[in-house]
Structure formats: structure tokens, C-alpha cells
Amino acid sequence: MKKTVWLLAGGILLLHAGLAASLSRRVVAYDIKARLVPDAKSVEGHEVLTWTNESAEPVSEMQFHLYMNAFKNNRTTFMKESGGAHRGFRMDKENWGYITVGSIAVQDGPDLTGTITYIQPDDGNPDDRTVMKIALPEPVAPGGAVTLVIDFVTRMPRVFARSGFVGDFYMIGQWFPKVGVFWNGAWNCHQYHAHSEFFADYGSFRAELTVPDAYVVGATGKRAATVKNADGTTTYTHIQEDVHDFAWTACPEFVEFREPFSLADPPVRTEMIFLVHRSHVGQKDRYVRALRNGLEFYSQSYGPYPYETVTLVDPAPGAMAAGGMEYPTLFTADTFSWLPRGIRLPEMVTIHEFGHGYWYGIVGSNEFEEAWLDEGINSYSEAKAMDKYYGADRSMIDFLGIRIGDVPYQRLNVIASGRFDPIVRNSWSFVGGSSYSINVYQKASLMMQTLERLLGEDVMSRVMKSYYERWKFRHPTTADFVRVAEEASGRDLGWFFDQVLYSPDKLDYGISDLRVYELAPPDGVFNGTRTESAPDAGPPGRGKQPASPDAPKTYRSEVVAARFAEWIFPQEILVRFADGREVRETWDGRERWKRFVYVGPEKAVSAEVDPGHKLLLDVNFTNNSRVLEPDGRAVRKFALGFAGWFQALLSLVSL
Ligand SMILES: [Zn+2]
């Protein structure tokens, strides 16, 4: 009795601790035993998955991602869409990758292996086996749960898109049967596409990872146990709650570094784990500094980093295709041993991929359908962090006298892009890979930067913190972001988002004309009477005298502001006069052009739209202003230094 009471009390305490610490609604609980078999380039897995039905309806079938089957043959949807290449890396046809589900059963219940079918919800391609469906013996009631036991073997491809091996380096991501998201009354379980990432539900993960002793292992979450086995292998147990995926890496050539990170405001305590390939150890301090910067920036800008570990994986030479990828609490970076410090690739990739721990990891938007919510918001965050720590004018490159910041770098891509796609579109529906990436990364980032300049930094900070706070550990959509932005700013932003998110058009305003005339005195026939030039006539009674060269002159200055592209944005126009006086005009920007006329003793000498450079989405800054030359001609003004010249150069070679 006493023992029972004690157990009960302990159970309640544990339950309480568990609830208090629960950051997400835990829909899934995975317990996986995995063994790396290097000779076969494969992982043998045994998975126990408990899935809870959080919806209001009974669910009688389940859908799973079998992502590794994207690399099974040259007829899969991924291979057809990509043509066998991804970000410049090619598929190795000697090393296809695939996952075989040997059995799936209800725990202590019926075997369901015979109910497996492969479905292709996106394109009907019968050769694509990246989505598996099973039929349950009885529906899972709302609030109920089912536990499945799955045996599988994953053959790793030679890495060319995120996951796979090169030599004895393994990046093992998207490797186990992963249940889709039951969302809005249906399974959301898309196929693996060439231009798309992932979507999954939150829960808890526990994995026992067994590798030959020589391998150094990193994985999602914190290490709970290390056990040396009699057969020359070691088993590492990792656990993590409140994440939606689990990835791991193994390589005998990793050098492991661990460093604590803490922050007082907001309070953060975590451990940074670096798995750096032996050949890149000279670059380690760059990774460490960049990750510290990332942890500080994201914690202060959005919310404290909530996990106990963060692991940076530095892929082996030759495995760059595994680099620059995010997984919960673990990401892959990229570098070369010879990379000069002024080319900030490892810094940018580290901050970007760490940042996905927030925009993807903690705020779990649907990367298949609205990739901008993670890539765009994260590229915006990355650029702000890079500018803060490395200087806005040199945050990407500061080498041999060439300096370029992250934001101008993002702009260059958007400037050169076509008008094929809007930002919001299913990831596999863009006209091509570059349209996908320009829209969801750079254009969406410039949209966020422009919004920040329109709202002001304080208001934008409120928007971002509110969005993070409201949607952390949940699945927001674009509409949810827009709602938060309008609420937190107190402004109607429909005009802004409707154009930028949903139309493929562009923004381009400028000054199309600046003209100045000297206004001569009245001359000609007025009311039927010929009138001589007034100043020459002189004051009454003194007769006609020659005009003095010092006599005050009158000028008529005309400024024409113009809209050269489709998007309609309110404009500010700054007109400067010869005496230094400035006039600021506003224009709703609706018509194709608007003329401003000034008559007075001073000439207008320059005119500029968007003088504060708020509208980073404007694809041509070189037409934004005109200045009056001494001979009265108005010319375009290049005001942007290197980026402007680079843009002019681009306009010669492309477009
Ligand atoms: Zn990204």
C-alpha cells in the first residue's frame, strides 16, 4: 500500500514535470533502434511509433513518408523533376538509395504489411514510392492512439541531395518511415520533390544508434547513454522532446568539440557540439563564433533557444551536398580548408541553418506548400544577423578590396529574376529551381526587409516576437503570419501582402523626367495688345532699359515620378533645389506617372523616389533619381556604389 502510494505520488510528480516541460502537443512518440552497417551502406531499423489522433474524427488509414525512395531509380518524382542533379551535385548511378519496409504491425496486434500501398498524391507518378499508405484494422478514435512496430532497412545513396554517404562519412536524414501530418481533416503527406523540403508533427524521439567503435556520432537531441558492445560496436542513445524529426551523422574522421553557451537575457543555457571533419579543424573557430552569434541573435530577436544541445555537423570533403541542411537541434554547415576569412560562407551557412532551428524547427510551417515561411523568414533573419555581426556593407564578402553585404547579394538575385511565379505556391509547382529559390528565399526576404522599413524596426520586432510566441511548436500558414503582422502593427497590410506574396510581378518606381525652364517675363499678344518683355519695359516713367544680369530670375521646375512595373506602392519623393531647400512629396503611386511643378527663384537640381531606400523590393534603383547637370540636362544618378554598378553590369549581360 505504502509502495503503491509512493509510486502514485511519484507518477503524479513525473506526470506534472512532464506536462510542465512539454512545449508542444506531442502527436508522435518514436522509439527507434538503428544499426549502421558500413559494408552495405545501410541502416537497419526497428521503429516503435505511437501516433495520437488529435483531430475530431476517427482515422482509419495512415500515411508515411519514405523519403529515401526518392533516390531509388531514375523514374521517381524527385529524379524526374531534378534530372538527377540537385544544387549542382549529380546522382551516382552506382549507389541508389531506398528504404524497404520489411514489416509493419500494430503492437501486440495484427500485421499490416499486406495493406501497404504506395500513393502519389501530387503527380500520380506510379514509379514514385515516397509515400506509403496502410489500412488500420480499426479506426483511431479522436483523442485515441495507435502504436505500430515497423522493421525497415535504409540503403544510403552516395550523397547528392542532403542525405547519404561519401567514403566513411554518413549524413543520415529522412531515413526512417515518418508519419505524415493529419491536418484539417486529411493526411498531409506529399511526395519527395526536387524543390521541396519537409513537414511533420511534434513529439518525442528516442533512438539507439549502433555503429562500429571507430565512428564518432552526432544526432538530434541530448545523449542519454553510451554503451560499448562486445561485437566491436557502440550504442549511443539520444532523446529529444518537442521536435518533429530526427537525424544523425557518423564518421570516424570527426573531431568532436563541446562548448557551453549561456545568455542572461533572455535566459539560455545550452551545449554547442561541433563535429568537424579532421581536414577542416583549422576552420573550427569560425563555426564556433558564428554559432554563438546565431544563438544570441535568434534568442534575443525571437525567443530563448529552448533545447539543451545544438549540434553543428561539418561534412567531409566531397560531401558538400550534405551541407547547408537543417534538422531539429542539428544542422550541417559547409566550408573548405582553404577558404579565406573574408568570404563568409561558413558564417552565413552556420547562421542560416542554425536559424532554421527556429523557422522550421520550432515554428513548424509546411515546407511543401509555403516554403517562404521558413526559407524567406529565415533568410531575412540570417541577413539581419550577418549585418549585425559582420557589418552591413561587408557581411558576405570582404576580400581583396571587394565588399558586399548579404542584403545587396539577395537583391541581385531578385533583380535578375523573371516574372514567372509568386512567392506563395506549392514548392514543386514553380517553373524551375531558380524561380523556386529566388521567390521563397530572396524575394521573401526582401519583402520582410521592406516591411521592416515601412513599419519601423520596433514594430517589426513586435510582429516577429508575436508570430514566434503564438506559433511556436505549431503549424502556421501564410494567413496566420499576415494576421499576426496586422494585429501586432495595428495596420491594414492587405495591399502589401496581396501583391508581394501572390503576384509574380515586380516593383519599380523612379523619376522619369526632371526639367527646368527659365520663365521669361510676359511677351506676346495679351488681350489683343502686343506686350513687350516686362523687365525691359522698366518701371513706369523711366523709359526702356536693358535687363540687369543680376535681376532675379524665375524658374519652372518639373519633376515626373513614374511607376515602371505592376506593383502599386505609396511613394515619397524628395526634390532638392539649388539653394539647398528640400521638398518632400507623397504620391499614392496608382497612376503610371505624376508630375510635380515648382515655380520660383531656385531651380530644382535633383529628384528621388524612395529617398530612404525603404523599398528593397524595387528592382531598379538606378532609375530612382535624377540630377540636373550644369547644362540643364537631367541624368540618372548611380547612388548605390558597388551594388549599383553590379546591377548595371547585370543589365548588360542578362535580362
Ligand atoms: Zn534554408
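Bear in mind the structure is a predicted one, so any value in this text is a computation, not a measurement.

## Section: the environment of M79
Here is step 1 of the chain: Topologically, M79 is positioned in helix 2 (residues 77–82).
Here is step 2 of the chain: In this structure the C-alpha to C-alpha distance between M79 and D128, which are 49 residues apart in sequence, comes to 9.6 Å.
Here is step 3 of the chain: Sequence-distant contacts of M79, that is, excluding residues within four places in its chain, are made with A70, N73, N74, G84, M91, W96 and F160.

## Some words on the sheet that holds strand 18 (residues 233–243)
Here is step 1 of the chain: Spatially, the seven strands line up as an open sheet ordered 6-9-2-1-15-18-17, and their pairing is mixed. Since the sheet does not close on itself, it has two edges, and those belong to strand 6 (98–106) and strand 17 (222–228), each with one partner. Within this sheet the neighbouring strands show an average axis-to-axis angle of 15°, counted without direction.
Here is step 2 of the chain: Across eleven bridges, the pairing between strand 2 (residues 42–52) and strand 9 (residues 145–155) is antiparallel. Considered in strand 9, the bridge of E44 is made with V153.

## Side note on the pairing of strand 18
Two faces make up the sheet, and in a regular strand the side chains alternate between them.
Here is step 1 of the chain: Burial analysis of strand 18 places nine of its eleven residues in the buried class, which makes it a mostly covered element.
Here is step 2 of the chain: As judged from the ten bridges shared by strand 15 (residues 203–212) and strand 18, these two strands associate in the antiparallel manner. Directly across from V211, in strand 18, lies its bridge partner T234.
Here is step 3 of the chain: Sheet topology places strand 17 next to strand 18; six bridges connect them, and they run antiparallel. Within strand 18, the residue paired with K228 across the bridge is T234.
Here is step 4 of the chain: Connecting strand 17 to the antiparallel partner strand 18 that follows it, the hairpin turn spans four residues, and G232 within it adopts a positive phi of roughly 85°.

## Details of the coordination of the zinc ion
Here is step 1 of the chain: Bound to the zinc ion are the protein donor atoms H352 (NE2), H356 (NE2), E375 (OE) and E375 (OE), situated 1.9 to 2.8 Å from the metal.
Here is step 2 of the chain: Here the zinc ion is ringed by four donor atoms whose angles at the metal span 51 to 160°, and the overall shape comes out irregular.
Here is step 3 of the chain: Look at where the donors of the zinc ion fall in the sequence and you get H-x3-H-x18-E. One end of the pair, H352, is in helix 4 (residues 345–355); the other, E375, is in helix 5 (residues 372–390), and 23 residues separate them in sequence. Like E375, H352 is buried.

## Examining the packing of aromatic side chains
Here is step 1 of the chain: A full pass over the atoms with the stated rule returns 48 aromatic pairs.
Here is step 2 of the chain: On the basis of an interplanar angle of 85° and a centroid distance of 6.0 Å, the ring pair of F78 and F160 is categorised as edge-to-face. Residue F78 is found in helix 2, and its partner F160 is found in the loop between strand 9 and strand 10 (164–166); the two are separated by 82 residues along the sequence.
Here is step 3 of the chain: A residue is classified by how much of its surface remains accessible, and F160, at 1% relative accessible area, is buried.

About the thresholds
Residues numbered from 1 in each chain as written. Predicted model: local features only at pLDDT ≥ 70, side-chain atom pairs only at ≥ 80, totals over all residues. Heavy atoms only, no water. Helix = DSSP H or I, 4+ residues; strand = E, 2+ residues; numbered from the N terminus. Contact = heavy atoms within 4.5 Å. Pairing = 2+ DSSP bridges. Axes fitted to C-alpha atoms, helices over the stretch in contact; angles between N-to-C directions. Buried < 20%, exposed > 50% of the residue type's maximum accessible area, 1.4 Å probe, protein only. Donors = N, O, S within 2.8 Å, 3.2 Å for Na, K, Ca; no water. Tetrahedral: all angles 85-135°; square planar, octahedral: opposite > 155°, others 65-115°. Phe/Tyr/Trp six-rings, centres within 6.5 Å; stacked < 30°, edge-to-face > 60°.

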